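# Close look at the chain arrangement
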Amino acid sequence: MALDRLDIRILNLLQADASLPLRTLAERVHASVATCQRRIAQLRADGVLLKEVAIVDRVAVGRPLTVFVAVELAQQNDTLLRHFERRMLSEGNVMACYEVSGEFDFLLIVNAASMDTYHAFTRRVFSSNNNVRNFKSTFAMSCTKFETSVPLEEPRAEDDSAPAA
């Protein structure tokens, strides 16, 4: 989907603060409230705008442990890969699940309250699953940067052929 200047402005503002009132958003992008409302609805319908969330400080809520887990499956075929993905979707501790190339099949970001909680997670999810051949845990020591926004640059005026309304 091609995004025009208005779409990009709306997305950038929503990525920075999804709680902006529609009127404020419209003022900042120099468009009408109705236009912004239509654009946001279209961005949702097109699957560009996936969801609006609040970002919680994991340490403040008692979940300070972040682990990057590389998982190697014993066997790989479409059914087994999809089964693993569905299993990860149902795991609340799994913050992200990526299928990756290279030595491992998946890279997970797991959040836990403690080492004991993480250990119980690995026993339940990996050790009890006969298709996990190996997993490697890397523990985050600190976090210098964590972003959820996708950097979007506005097209130059001569590149922007779509109407802004």
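Along every chain, residues carry numbers that run from 1 in the direction the sequence is written. Totals for whole chains, interfaces and linings use all residues, but because this is a predicted model, local features are given only for residues with pLDDT of at least 70 and pairs of side-chain atoms are given and counted only at 80 or more. Each side-chain value is worked out from all heavy atoms of the structure, with water and hydrogens disregarded.

## A word on unusual backbone geometry
Phi is mostly negative for residues that are not glycine, and the peptide bonds are mostly trans. For His 30, which is not glycine, the phi torsion reads 60° and is therefore positive. Helical segments are the DSSP runs of H or I of at least four residues, strand segments are the runs of E of at least two, and each set is numbered from the N terminus. Within the secondary structure layout, His 30 lies in the loop between α2 (22-29) and α3 (33-45). Remark: exposure states derive from per-residue accessible area (1.4 Å probe, protein chains only) relative to the maximum for the residue type, with buried under 20%, exposed over 50%, and partly exposed in between. Assessed through its relative accessible area of 68%, His 30 is described here as exposed.

## With respect to the pairing of strand β1 (residues 65-73)
Summarising burial for β1: eight of the nine residues are buried, a large majority. The pairing of β1 with strand β3 (residues 106-112) spans seven bridges and is classified as antiparallel. Pairing of Ala 70 across the sheet is with Leu 107, part of β3. Note on pairing: DSSP must find at least two bridges between two strands before they are called paired. Here β1 runs beside strand β4 (residues 132-139); their pairing, made up of seven bridges, is antiparallel. When the bridges of β4 are listed, Val 69 appears paired with Ser 137.

## Let's talk about the nonpolar core
What we call a nonpolar core is a set of buried Ala, Val, Leu, Ile, Met, Phe, Trp, Tyr and Cys residues that are connected through their side-chain atoms within 4.5 Å. Val 69, Val 71, Phe 84, Leu 108, Val 110, Tyr 118 and Phe 126 are the most contacted members of the largest nonpolar core, which totals 18 residues. If you list the elements that add at least two residues to this core, you get β1, α4 (78-89), β3 and α5 (115-127). Sorting elements by how many residues they give to this core places β1 first, with five residues. Contact partners of Val 110, with chain neighbours within four places excluded, come to Leu 65, Thr 66, Val 67, Val 69, Asn 93, Val 94, Tyr 118 and Phe 121. Leu 6, Ile 10, Ala 26 and Val 29 belong to the second-largest nonpolar core, a separate cluster that totals 13 residues. Contacts between residues were defined by any pair of non-hydrogen atoms, one from each residue, lying within 4.5 Å.

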